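Letter by letter, the chains look like this.
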Amino acid sequence: MKRKTGDIPKIMVFRPDWSEFQDFSRYIDFMESRGAHKAGIAKVIPPPEWIPRKTSYYEDDIMNMVIPAPICQDVQGKQGIYQQLNIQKKPMTVAEYRKLAESPEYDTPYFFDYADLERKYWKNIVYKCPIYGADVSGSITDNDVDVWNINKLGTILDYVNQDYGIKIDGVNTAYLYFGMWKTSFSWHTEDMDLYSINYIHEGKPKSWYAIPPEHGRRFERVANGFFSADFSACPAYLRHKMSMISPQLLAKNSIPFDKITQEKGEFIITFPYGYHAGYNHGFNMAESTNFASPRWVEYGKRAQLCKCQTDNVKIDMDTFVKRLQPEKYELWLQGKDIGCHPEDPSQRMYPAPKH
């Protein structure tokens, strides 16, 4: 699995057996030992013994669930550079959302393969705003599932709740996403540059684009040129999740990326500082959250945060530095923890901020 120098890391696919699947954090370590993190995201196909929900996904407990703030995604722009504005709609149940998603007005167009659907996505991105049932607090995994249960992964991110008693919706708790054709997620890294996990429980696939973390700074420079006004207003504007750049434009600007399609019953893992974006192929139900490993701590300490939005997630790194980098703790408190961002090609040294 070694790559030649200069090769672009490819998104890797893992198929753990039942025994390998038992320890989540250990399996993430194994994936990274194989270089999975270098592409920014990876796919995991769970073993057939793993059943996240025993009953149908179309039972009343899910169908009657309310999506409190569905968003109409209005995409504006041209020639591969777009901005996505989210317009909040009134609450609806999952059953009502599904009916809308599968109606002739919003349903997936005819396509003969995923490449054809991708072309249709980029060609029609500014027409007909789709509606996304995003960021719904909750889980549709059975509570007795004790491995790879997104609602209780048992990683070091749990220290946030244990030590501070803080629950951050969708970060250290599960979020549900009800998608339809053309609903999108713009280019971003996770809050605090954490890891994330996403599972499609039911329905149509999601297509993902990913940029290797080692090329994240190059990607930012190119994006800053395209979105210069946003960059001037907020250097961390990509955290607003509004900026979309087509794969053709990335290729034209020599930004390395890879893409993969996630089917029902598959996981996508995103790694620290891995920029990703994508879209849904049709009606689906996905569950997602963030998690952490000791390797993330240095990323969290040096993550660039948005200061202009009040609801942006900020995690106090104190407990992580104290527990996992005790030798740096005093220096960090004094603002003398000198180092560079783990993915900074210039190796610029600076004190880690105490956000």
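Reading the values: rules and limits
- Residues numbered from 1 in each chain as written.
- Predicted model: local features only at pLDDT ≥ 70, side-chain atom pairs only at ≥ 80, totals over all residues.
- Heavy atoms only, no water.
- Core = buried A, V, L, I, M, F, W, Y, C linked by side-chain atoms within 4.5 Å.
- Buried < 20%, exposed > 50% of the residue type's maximum accessible area, 1.4 Å probe, protein only.
- Contact = heavy atoms within 4.5 Å.
- Salt bridge = Lys/Arg side-chain N within 4 Å of Asp/Glu carboxyl O.
- Helix = DSSP H or I, 4+ residues; strand = E, 2+ residues; numbered from the N terminus.
- Pairing = 2+ DSSP bridges.
- Axes fitted to C-alpha atoms, helices over the stretch in contact; angles between N-to-C directions.
- Phe/Tyr/Trp six-rings, centres within 6.5 Å; stacked < 30°, edge-to-face > 60°.

Engineer: Would you take a moment to explain the nonpolar core for this structure?
Structural biologist: The tendency in soluble globular proteins is for nonpolar side chains to be buried side by side. Counting residues in each nonpolar core, the largest one holds 74 residues, and the members touching the most others are Met31, Trp148, Phe219, Ile269, Trp296, Ile315 and Phe320. For Met31, the contacting residues outside a window of four places in its chain are Phe14, Ala36, Ala42, Val44, Ile269 and Phe271. Counting 18 residues, the second-largest nonpolar core is a separate cluster that includes Ile67, Cys72, Tyr97 and Phe283.

Engineer: Please clarify how the pattern of salt bridges should be interpreted in this entry.
Structural biologist: Side-chain pairs of opposite charge can arise where the charged atoms are in close proximity. Inspection of every chain in the model, using the stated rule, returns 21 salt bridges. For the salt bridge of Lys264 with Glu202, the shortest nitrogen-to-oxygen distance reads 3.7 Å. With a gap of 62 residues between them, Lys264 in the loop between strand 13 (258-262) and strand 14 (267-270) and Glu202 in strand 10 (residues 195-203) connect regions that are remote in the sequence. Among the residues examined, Glu202 registers a relative accessible area of 15% and is labelled buried. Between Glu298 and Lys328 there is a salt bridge, with its nearest N and O atoms 3.5 Å apart. A residue pair is termed long-range when its members are at least 10 positions apart, and Glu298 in helix 9 (residues 297-301) and Lys328 in the loop between helix 10 (318-324) and helix 11 (329-333) qualify at 30 residues. We classify Glu298 as buried; its relative accessible area is 14%.

Engineer: Whenever I open this one, unusual backbone geometry confuses me. Can you help?
Structural biologist: Excluding glycine, most residues fall at negative phi; most peptide bonds, likewise, are trans. Positive phi outside glycine occurs at Lys128, with the angle close to 50°. Turning to its location among the elements, Lys128 is positioned in the loop between helix 4 (114-123) and strand 7 (131-137). Of note in this structure, Met192 is not a glycine but carries a positive phi near 60°. For Met192, the location among the structural elements is in the loop between strand 9 (184-188) and strand 10. Relative accessible area serves as the criterion here: at 1%, Met192 is assigned to the buried category.

Engineer: What should I look at first to understand the sheet that holds strand 2 (residues 41-44) in this one?
Structural biologist: Strand pairing in a sheet relies on backbone hydrogen bonds, with the paired strands running either antiparallel or parallel. A sheet is described by the order of its strands in space; here 10 strands give the open sequence 1-2-14-10-16-8-7-4-5-12, paired in mixed fashion. Since the sheet does not close on itself, it has two edges, and those belong to strand 1 (12-14) and strand 12 (243-245), each with one partner. With direction set aside, neighbouring strand axes in the sheet form an average angle of 25°. Note: strand 2 against strand 14, 4 bridges, orientation antiparallel. For Val44, the partnering residue across the bridge sits in strand 14 and is Phe267. Its contacts with the sheet put helix 3 (residues 94-101) on strand 7 and strand 8 (175-179), and the angle it makes with strand 7 is roughly 155°.

Engineer: Quick question: what am I supposed to make of the environment of Asn312 here?
Structural biologist: With respect to the helices, strands and loops of the structure, Asn312 is situated in the loop between helix 9 and helix 10. In this structure, the C-alpha to C-alpha distance between Asn312 and Met192, residues 120 residues apart in sequence, is 9.7 Å. Contact partners of Asn312, with chain neighbours within four places excluded, come to Arg239 and Cys306.

Engineer: Help me out: how do you make sense of the sheet that holds strand 9 in this one?
Structural biologist: Taken together, 4 strands build an open sheet; the order of strands is 9-15-11-13 and the sheet is antiparallel. The sheet is open, and its two borders are formed by strand 9 and strand 13, each paired with just one other strand. Between one strand axis and the next, the sheet turns by 15° as a mean value, whatever way the strands run. Where strand 11 (residues 206-211) meets strand 15 (residues 275-280), 6 bridges bridge the pair, whose relative direction is antiparallel. By the bridge assignment for strand 15, Ala210 is matched with His276. Lying over the sheet, helix 6 (residues 216-226) contacts strand 9, strand 11 and strand 15, oriented at roughly 70° with respect to strand 15.

Engineer: Can you help me understand the pairing of strand 10 in this one?
Structural biologist: Along a regular strand, successive side chains alternate from one face of the sheet to the other. Of all the 9 residues making up strand 10, 8 are buried; the element is thus mostly covered by neighbouring parts of the structure. Here strand 10 runs beside strand 16 (residues 284-291); their pairing, made up of 8 bridges, is antiparallel. Opposite Ile200, over in strand 16, you have Ala286 as the bridge partner. The pairing of strand 10 with strand 14 spans 4 bridges and is antiparallel. What sits directly across from Tyr199, in strand 14, is Phe267.

Engineer: How should helix 6 be read in this particular structure?
Structural biologist: Think of an α-helix as turning once every 3.6 residues; residues three or four places apart then point the same way. Turning to helix 6, its buried residues are Gly216, Arg217, Phe219, Glu220, Val222, Ala223 and Asn224. In this fold, the buried residues of helix 6 make contact with strand 9, strand 11, helix 7 (228-233), strand 12, helix 8 (247-252) and strand 15.

Engineer: What exactly am I supposed to notice about the environment of Ile71 here?
Structural biologist: The residue Ile71 is located in strand 4 (residues 71-78) in this model. With 59 residues separating them along the chain, Ile71 and Pro130 place their C-alpha atoms 8.3 Å apart. Leave out the neighbours within four places in its chain, and Ile71 touches Asn86, Ile87, Gln88, Pro130, Ile131, Tyr132 and Ala134.

Engineer: What is the right way to look at the packing of aromatic side chains in this model?
Structural biologist: Between two aromatic rings, the relevant description is the distance of the centres plus the angle of the planes. Under the counting rule described, the total for this entry stands at 37 aromatic pairs. A ring pair is formed by Phe14 and Tyr27, whose centres lie 6.3 Å apart and whose planes are at 85°; its orientation type is edge-to-face. One end of the pair, Phe14, is in strand 1; the other, Tyr27, is in helix 1 (residues 24-33), with 13 residues separating them in the sequence. Residue classification places Phe14 among the buried residues on the basis of a relative accessible area of 6%. Residue classification places Tyr27 among the buried residues on the basis of a relative accessible area of 5%.

All we've got here are geometric facts, nothing functional implied.
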